[in-house]
Amino acid sequence: GVLVASAAVIFIVVYHDSGNQLRSQIERDIASDTAQLAQALRSLHGSTEAQIADASTRYVDAQPYTASSTLLFALVGDHATASNHPEVFGSSAPEPSESGSVRTREADAGRHLAVPRIGYSTVAVPDVGEMRIHERPVAVGPVQVIAGAGEPLATVTRAQRGVARSFILAGAITLVLALILSYLAGARVSAPLRRMAGVATRVDAGDLEPRMEISPRRDEVRVLAEAFNHMLDRLSAAFEAQREFVADASHELRTPLTVIRGQLEVLAAEQRPSGDEVRRVERMVGAEIARINRLVDDLLLLAQAEQTNFLRVQEIDLAEFVPELWDGLSLTARRRFELSPVPAGELWADPDRLAQALRNLARNAVEHTRNDGGLVRMEVQRVAMDQVRFTVIDNGPGIPAGERERVFERFHRTDRGRSRAAGGAGLGLAIVRAIAEAHGGYVRAGNGDRVNGARVELVLPGFRAR
């Protein structure tokens, strides 16, 4: 469409420009011929009107009219028009083959042409077509003569028709070539997009395995294909994590439900269960129900961590907050709890979520250390202008290098042999990471620096030292 519109504009400009140039050339030629005729007439100064008419006739007869020459004429008073083509003025005898209407029309056109029109004009001339006429008055003594010259505009029409034919032919060829090249270029560009649409259709049907072919060229299509493949990789990972999450959550919930069902079946099998048996089943069922409640609460917390209103941040005085929290944790297990000096300052964070994250880190350290001599230590340090690091260190078995990132995944345990009663559901460190990321911080695991054990660091921004 753009090509056709551009060609049309160019055609209009060239068409009119070529016609204007030819018309300008014709006007210059007839103006020059009129000037020469006027000069010849001025030389007749002192002659009578009849002598001027005769001299004008001799002058124009000396330059006979042809299809490629100039029409010359002079209007001298009431005398017949002197012209090298008298037929156009109706001065010649009519042809025998001409009908009366044709002769009448030609006579009217001749009389119309004989009316003086000073300057340039365009007149329809019989047997010639449109003609460009230039007339000027000439004073030959007391006699006023009109000198004129004209040229047919057929050359202009032929030239413009030639331009039109050339443009139509060239335009048609160019348009066909443009359509072919555009189709080939479009097919080449759209081919990867069509393949991408096919891959998207398969993905929409549930197949996450296909991937886009990466073009060797560095262009927008390659960038789009890489982004599309990256999106599919993330979708595959997300769906796989979701399947694992559902499977793990189902497994974690099935175990206490199975225990509850089994105990109730045992109790129902007895016709007259003793009070001790009822109380034993009650304690066991209550413990499993409490475990289910904790699991549900942890899952709800992880789901809420992705919402914008998850945190209720406020200023926390670390020098007061951390020792109180640590004193309470030291009463929950028989371990050797240690706390390093806490830097003075305020941390902009959610106190409830921060306390939950630190409790989970301490509980994880307690679960991996022994009752006698187990070390659980917290170090609080300022690591940047506005960052503070909470480090929980224990002297347990440590975390293998290949597990230091996976320990923060949901339902992940480094020791698969540990019972769920002792090891929990594997959501504690996942909750710590969710809380850290919600605050704009991060959490990472490693080995203890001074002891053979685990070291987990929680780094949060928003600290202002005093």
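Below or above, wherever it landed, is the structure these notes cover. (Residues numbered from 1 in each chain as written. Predicted model: local features only at pLDDT ≥ 70, side-chain atom pairs only at ≥ 80, totals over all residues. Heavy atoms only, no water.)

**Comments concerning a nonpolar patch on the surface**
Inference 1: Taken together, the side chains of Leu169, Ile173, Val176, Leu177, Ile180, Leu181, Tyr183 and Leu184 present a nonpolar region at the surface, about 850 Å² in accessible area.
Inference 2: The class for Leu169 is exposed, based on a relative accessible area of 57%. (Patch = residues over 30% accessible without salt bridge, like charges linked within 9 Å, V, L, I, M, F, W, Y side chains within 5 Å. Areas by Shrake-Rupley, 256 points an atom, 1.4 Å probe, with all protein chains shown as cover. Salt bridge = Lys/Arg side-chain N within 4 Å of Asp/Glu carboxyl O. Buried < 20%, exposed > 50% of the residue type's maximum accessible area, 1.4 Å probe, protein only.)

**Description of the packing of aromatic side chains**
Inference 1: Per the counting criterion, the structure on display carries 3 aromatic pairs.
Inference 2: Note on Phe11 and Phe167: the rings are 5.5 Å apart at their centroids and 65 degrees apart in plane angle, and the pair reads as edge-to-face. With Phe11 in helix H1 (residues 2-42) and Phe167 in helix H4 (residues 154-204), this residue pair connects regions lying 156 residues apart in the sequence.
Inference 3: Given the relative accessible area of 25%, Phe11 is considered partly exposed.
Inference 4: In this structure Phe167 comes out as partly exposed when scored by relative accessible area, which is 27%.
Inference 5: Each member of the aromatic cluster is reached from another via a ring pair, and the members are Phe11, Tyr15 and Phe167. (Phe/Tyr/Trp six-rings, centres within 6.5 Å; stacked < 30°, edge-to-face > 60°. Helix = DSSP H or I, 4+ residues; strand = E, 2+ residues; numbered from the N terminus.)

**Brief notes about helix H8 (residues 351-367)**
Inference 1: Compared with the 24 Å implied by 1.5 Å per residue over 17 residues, the 24 Å span of H8 between its first and last C-alpha is a close match.
Inference 2: For H8, a buried count of 12 out of 17 residues is recorded, marking the element as mostly surrounded by other parts of the structure.
Inference 3: Turning to H8, its buried residues are Pro351, Arg353, Leu354, Ala355, Ala357, Leu358, Asn360, Leu361, Ala362, Asn364, Ala365 and Val366.
Inference 4: The residue sitting at the N-terminus of H8 and contributing the capping side-chain oxygen is Asp350; that oxygen lies 3.0 Å from the backbone nitrogen of Asp352. (Expected span 1.5 Å × (residues − 1). Polar contact = N/O pair within 3.5 Å; in protein donor to acceptor, adjacent residues only side chain to side chain.)

**Notes on the nonpolar core**
Inference 1: Leu318, Leu347, Leu354, Leu358, Phe390 and Leu458 are the most contacted members of the largest nonpolar core, which has 53 residues in total.
Inference 2: Of the residues forming this core, the biggest block, 8 residues, is contributed by H8.
Inference 3: Excluding its chain neighbours within four sequence positions, the residues that come into contact with Leu358 are Phe321, Leu325, Leu329, Met378, Phe390 and Leu458.
Inference 4: Leu37, Leu41, Ile52 and Ala74 belong to the second-largest nonpolar core, a separate cluster that totals 22 residues. (Core = buried A, V, L, I, M, F, W, Y, C linked by side-chain atoms within 4.5 Å. Contact = heavy atoms within 4.5 Å.)

**Regarding the environment of Val4**
Inference 1: The topology assignment puts Val4 in helix H1.
Inference 2: Distance from Val4 to Thr174, taken between C-alpha atoms, is 9.5 Å for residues 170 residues apart in sequence.

**A few points about the environment of Tyr442**
Inference 1: Tracing the sequence through the fold places Tyr442 in strand E11 (residues 442-447).
Inference 2: For the pair Tyr442 and Glu457, spaced 15 residues apart in sequence, the C-alpha separation works out to 8.3 Å.
Inference 3: Non-local contacts of Tyr442, meaning those with residues more than four positions away in its chain, are made with Ala436, Glu457, Leu458 and Val459.

**Quick notes on the side chain of Asp350**
Inference 1: Along the polypeptide, Asp350 turns up in the loop between strand E8 (345-349) and H8.
Inference 2: Notably, Asp350 is buried but unbridged: the nearest opposite-charge side chain belongs to Arg353, and the N-O separation is 4.4 Å.
Inference 3: One polar contact links the side chain of Asp350 to the main-chain amide nitrogen of Asp352, over a distance of 3.0 Å. (Lys, Arg positive; Asp, Glu negative; His and termini not counted.)

**Here's the deal with H1**
Inference 1: Taking 1.5 Å of rise per residue, the 41 residues of H1 would be expected to cover 60 Å, and the 59 Å separating its terminal C-alpha atoms lies within 8% of that figure.
Inference 2: Of the positions making up H1, those classed as buried are Ser18, Gly19, Ile26, Glu27, Ile30, Asp33, Thr34, Leu37, Ala38 and Leu41.
Inference 3: Buried residues in H1 make contact with helix H2 (49-61), strand E1 (71-76), strand E3 (119-125), strand E4 (129-140), strand E5 (143-152) and H4.

These values are about where atoms sit, not about what they do.
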